[in-house]
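Listed below, chain by chain, are the residues.
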Amino acid sequence: MNILILGSGGREHTFAWKIAQSKNCTNLFVAPGNAGTAQIATNLPIGVNDFEAIGNAVKENKIEMVIVGPEEPLVRGVVDYFRKDKALKKIKIVGPDASGARLEGSKDFSKGFMQKYNIPAGASQTFTKDTLQEGLAYLETQSLPIVLKADGLAAGKGVIIAESMADAKTALHEMLAEAKFGDASSKVLIEQYLSGIELSVFVLTDGKNYKILPEAKDYKRIGVNDKGLNTGGMGAVSPVPFADAEFLGKVEERVVKPTLEGLQAEGIKYVGFIFVGLMNVDGEPYVIEYNARMGDPETEVVLPRIKTDMVKLMKATADGKLDKIKLTVNPKAAIATVSVAKGYPEDYRKGDVMTIPEAEKDTIIFHAGTKIATDGSVQTNGGRVIVTTGMARTLNSARKKSQAMAKKIIFDGKYFRNDIGKDLLKYLES
Ligand code: AMP
Ligand code: GLY
């Protein structure tokens, strides 16, 4: 079958890499893609939010299935657009419609959903510009640190963890009265701070059946030992050693099942991935957030561990037949290290020429922010530039492979964290 992947990051290159291995894929397209996807698929120069151009490309190229990578087109209703078009409505799409994507697109909606369906999460209240004074008064009643979250999509920057009351009040004021994140902060959640260790669980659902994919932990801060500014993600590890069968059992019973039952009860037919961001608080799972898509760079460790044919898995999802398919997972450990451009996550340069060697044994190279320039060279084209995944029987060995490969990629100003997965080794001693 002909397949289109929407997006241009490491996540989408990973999907393309996995799908290209399937004999069930005839022609593979990525829109807009990057220099990595160009090696294994046809890149289409179309933005992920240009639904009309996407629809036309689907018709022209006889595409039968679309997999949506990032959240924005989902929240803006790309699935709804397809469903409303006579010629496009029969196309299989992996991704929720706009009503389902509210799990990520509105933190106020998702928090209300968690409360309604008794899904464990931090206590929270929502305030608007009109209730700013009440919000400031509410802050006074809370203990520190305290979490403030913009309701809408804010490119991963909408969460502020305030350590002092003064900072919390300033942040609330900036978000509500000064529209710091534009419309996204017209509502702000003030949420209880949860102290624990984070991990993510990924659910693939066809609306009734589900599969729990391998869990992962990502590393959000730019600096070694989780210091410095937040980023889109500097690395990822799967499996997560502290997520034992008992903990994952709690996640399935207390979070996954009630989430899917809640979606059905709300009349939302959710087809696609649910990324559940969790805090492990003394062995108990609490939901920090939902995303309506796979994570990046989590995909770069989760998909390489899935042995099941990816086209069969995606098709079964779109067709409501996930119960007919067996998910097989490779027990090996996978670690992804993200190399970023100098300056990231603040202003960074693009257009540096790259030298990328062949991937070594048990290593995979996924492009993120790269492009093929007019002179044919591969150049940097984003903050997160390239991801090197290492796979091995042990986490430490996967770590070494991932790091060794990251070292061999050449571009001016390259930076990567050399401690991805290091903090998890202690769970394996004993
Ligand atoms: P998000 O944008 O929702 O992924 O949040 C960004 C980060 O903020 C999360 O990955 C957590 O590290 C942190 N965070 C969010 N909510 C909480 C919370 N209630 N308690 C502690 N940390 C949180
Ligand atoms: N790595 C975090 C995310 O994809 O949202």
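Residues numbered from 1 in each chain as written. Chains lettered and ligands numbered in written order. Predicted model: local features only at pLDDT ≥ 70, side-chain atom pairs only at ≥ 80, totals over all residues. Heavy atoms only, no water.

The name that an unreviewed UniProt entry assigns to the protein is Phosphoribosylamine--glycine ligase, with the source organism given as Emticicia aquatilis. Quoted verbatim from the Sequence similarities (unreviewed entry) heading of the UniProt record, the comment on the protein is "Belongs to the GARS family." (UniProt positions renumbered as here; feature names shortened; annotations may be inferred.)

(A) Structural view of helix 8 (residues 132–140). Burial in helix 8 covers these residues: Leu 132, Gly 135, Leu 136, Tyr 138 and Leu 139. In a view along the axis of helix 8, the buried residues occupy a sector of 160°, so they form one face of it. Where helix 8 is buried, its residues meet strand 6 (124–128), strand 7 (146–150), helix 9 (165–176) and strand 9 (187–192). (Buried < 20%, exposed > 50% of the residue type's maximum accessible area, 1.4 Å probe, protein only. Helix = DSSP H or I, 4+ residues; strand = E, 2+ residues; numbered from the N terminus. Arc of directions from axis to C-beta. Contact = heavy atoms within 4.5 Å.)

(B) Representation of the pairing of strand 22 (residues 384–392) within the structure. Judged by how many residues are buried, strand 22 sits mostly within the fold: eight of nine residues are covered. As judged from the five bridges shared by strand 19 (residues 363–367) and strand 22, these two strands associate in the antiparallel manner. Its bridge partner being in strand 22, Thr 363 is matched across the sheet by Gly 390. (Pairing = 2+ DSSP bridges.)

(C) Focus on the site of ligand 1. Taken together, 14 residues form the shell around ligand 1, and within it Glu 191, Gln 192, Leu 194, Glu 198 and Glu 289 come nearest. With respect to ligand 1, the backbone of Leu 194 contributes an N or O atom lying 2.8 Å from a nitrogen atom. The separation between an oxygen atom of ligand 1 and a polar side-chain atom of Glu 289 is 2.7 Å. Protein contacts shield 89% of the accessible area of ligand 1, which totals 480 Å² for the unbound molecule. When contributions to the shell around ligand 1 are tallied by element, the ones reaching two or more residues are strand 7, strand 8 (159–162), strand 9 and strand 17 (284–291). Taken together, the residues of the shell around ligand 1 break down into seven nonpolar, one polar and six charged. (Near = heavy atom within 4 Å. Polar contact = N/O pair within 3.5 Å; in protein donor to acceptor, adjacent residues only side chain to side chain. Areas by Shrake-Rupley, 256 points an atom, 1.4 Å probe, with all protein chains shown as cover. Nonpolar A, V, L, I, M, F, W, Y, C, P; charged D, E, K, R; others polar.)

(D) Molecular detail of the sheet that holds strand 17. As summarised here, the arrangement of the four strands in space is 11-10-16-17, forming an open sheet in which the pairing is antiparallel. The open sheet has two edge strands with one neighbour each: strand 11 (210–212) and strand 17. The sheet shows a mean angle of 30° between the axes of neighbouring strands, direction not considered. The pairing of strand 10 (residues 197–205) with strand 11 spans three bridges and is classified as antiparallel. (Axes fitted to C-alpha atoms, helices over the stretch in contact; angles between N-to-C directions.)

(E) Focus on the pattern of salt bridges. Applying the stated criterion across every chain yields a total of 28 salt bridges. Note that Asp 108 is salt-bridged to Lys 187, the shortest N-O span being 3.3 Å. One end of the pair, Asp 108, is in helix 7 (residues 107–116); the other, Lys 187, is in strand 9, and 79 residues separate them in sequence. Taking the shortest distance from any N to any O, the salt bridge between Lys 111 and Glu 191 comes out at 3.0 Å. Of this pair, Lys 111 sits in helix 7 while Glu 191 sits in strand 9; the two residues are 80 residues apart in sequence, bridging distant segments of the chain. Accessibility assignment for this pair places Lys 111 and Glu 191 in one class, buried. (Salt bridge = Lys/Arg side-chain N within 4 Å of Asp/Glu carboxyl O.)

(F) Just empty space enclosed by the protein, in detail. Counted under the stated rule, the structure contains two cavities of 30 Å³ or more. As a volume, the largest cavity reaches approximately 60 Å³. Residue lining of the largest cavity: Leu 103, Glu 104, Lys 107, Ser 110, Lys 111, Met 114, Lys 149, Leu 189, Glu 191, Ile 288, Glu 289 and Tyr 290, and that is the complete set. Within the residue set of the lining of the largest cavity, elements represented by two or more residues are helix 6 (98–105), helix 7, strand 9 and strand 17. When residues of the lining of the largest cavity are assigned to their parent elements, the largest contribution, four residues, is made by helix 7. Here the lining of the largest cavity is built from residues that sort into five nonpolar, one polar and six charged. Quantified by volume, the second largest cavity comes out at close to 30 Å³. Together, Val 203, Val 255, Val 256, Thr 259, Leu 260, Ile 274 and Val 276 line the second largest cavity. Contributing elements (two or more residues each) for the lining of the second largest cavity: helix 10 (245–265) and strand 16 (272–281). (1 Å grid on protein atoms, 1.4 Å probe; cavity = no way out; pocket = protein on both sides within 12 Å on 5 of 7 lines; lining within 4 Å. Points joined across faces, edges and corners; volume = space filled by probe spheres on them.)

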